[in-house]
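Here is how the chains run, residue by residue.
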Amino acid sequence: LQTREDRAKLDGMYECILCACCSTACPSYWWNADKYLGPAVLMQAYRWIEDSRDEFQDKRLAELDDAFKLYRCHTIMNCTKVCPKHLNPGKAIAHIKKKLAEK
């Protein structure tokens with residue numbers, strides 16, 4: 001089971017419809033689409049990393065700890081501007097970076 005507080009942490013992530021507007025608006029993704037995962041994928045990764053029911057947080061974070069997969073995001077924030085659901089992939093990416101820095 002999940003507490004209400006833990007469930008509230010997923011607000012703004014589970015609503016993503018995977019349209020990839022954020023990725024297509026991201027210059028870092030344009031230039032490095034073969035290596036950089038992009039905002040859509042990273043937002044979904046963070047959705048699972050933040051889920052208290054998930055048992056693979058450390059494994060997911062280790063997989064993302066890469067110079068290209070995650071760190072090609074330069075916080076230009078086009079991803080957030082174009083999201084039709086008004087979500088914030090840039091914030092999710094920043095949270096992943098913070099979690100990795102804390103490890």
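Caption draft 1: Quick peek at the overall build of the chain. If you tally the helices and strands in the chain, you get seven helices and zero strands. Reading the helices (α) and strands (β) of the chain from amino to carboxyl end gives α-α-α-α-α-α-α. Taken over C-alpha atoms, the radius of gyration comes to 13 Å for the chain, in line with the 13 Å a tight globule of 103 residues would show. Across the 103 residues of the chain, 35% fall into the buried class. For the chain, the share of sequence-separated contacts (at least 6 apart) that also reach a separation of at least 24 residues comes to 66%. When the accessible surface of the chain is summed, it comes to about 6,400 Å², and 54% of that surface belongs to carbon and sulfur atoms.

Caption draft 2: Geometry of the side chain of Asp51. You can see Asp51 is positioned in the loop between α4 (39-49) and α5 (57-64). Once residues lying within four places of it in the same chain are set aside, the contact partners of Asp51 are Gln2 and Leu10.

Caption draft 3: Quick peek at the packing of aromatic side chains. Inspection of every chain in the model, using the stated rule, returns one aromatic pair. On the numbers, 6.4 Å between centres and 65° between planes, the contact of Tyr29 with Tyr36 is edge-to-face. Taking the relative accessible area as the measure of exposure, Tyr29 reaches 25% and is therefore partly exposed. Arg72 extends its terminal NZ or CZ atom over the ring of Phe68, reaching a point 4.6 Å from the ring centre.

Caption draft 4: View of the packing of α5 against helix α7 (residues 89-102). Where α5 contacts α7, the axes come no closer than 10 Å and their chain directions differ by 100°. When the axes of α5 and α7 are compared, the pair comes out roughly perpendicular. Across from Gln57, Leu61 and Leu64 in α5, the residues of α7 making contact are Ile96, Lys99 and Leu100. Class assignment of the residues belonging to the contact of α5 with α7 gives a composition of four nonpolar, one polar and one charged.

Scoring rules and cut-offs
- Residues numbered from 1 in each chain as written.
- Predicted model: local features only at pLDDT ≥ 70, side-chain atom pairs only at ≥ 80, totals over all residues.
- Heavy atoms only, no water.
- Helix = DSSP H or I, 4+ residues; strand = E, 2+ residues; numbered from the N terminus.
- Rg over C-alpha atoms; globule rule 2.2 N^0.38 Å.
- Buried < 20%, exposed > 50% of the residue type's maximum accessible area, 1.4 Å probe, protein only.
- Contact = heavy atoms within 4.5 Å.
- Areas by Shrake-Rupley, 256 points an atom, 1.4 Å probe, with all protein chains shown as cover.
- Phe/Tyr/Trp six-rings, centres within 6.5 Å; stacked < 30°, edge-to-face > 60°.
- Lys NZ or Arg CZ within 6 Å of the ring centre and 35° of its normal.
- Axes fitted to C-alpha atoms, helices over the stretch in contact; angles between N-to-C directions.
- Parallel < 35°, antiparallel > 145°, perpendicular 65-115°, else oblique.
- Nonpolar A, V, L, I, M, F, W, Y, C, P; charged D, E, K, R; others polar.

Keep in mind these values describe shape, not function.
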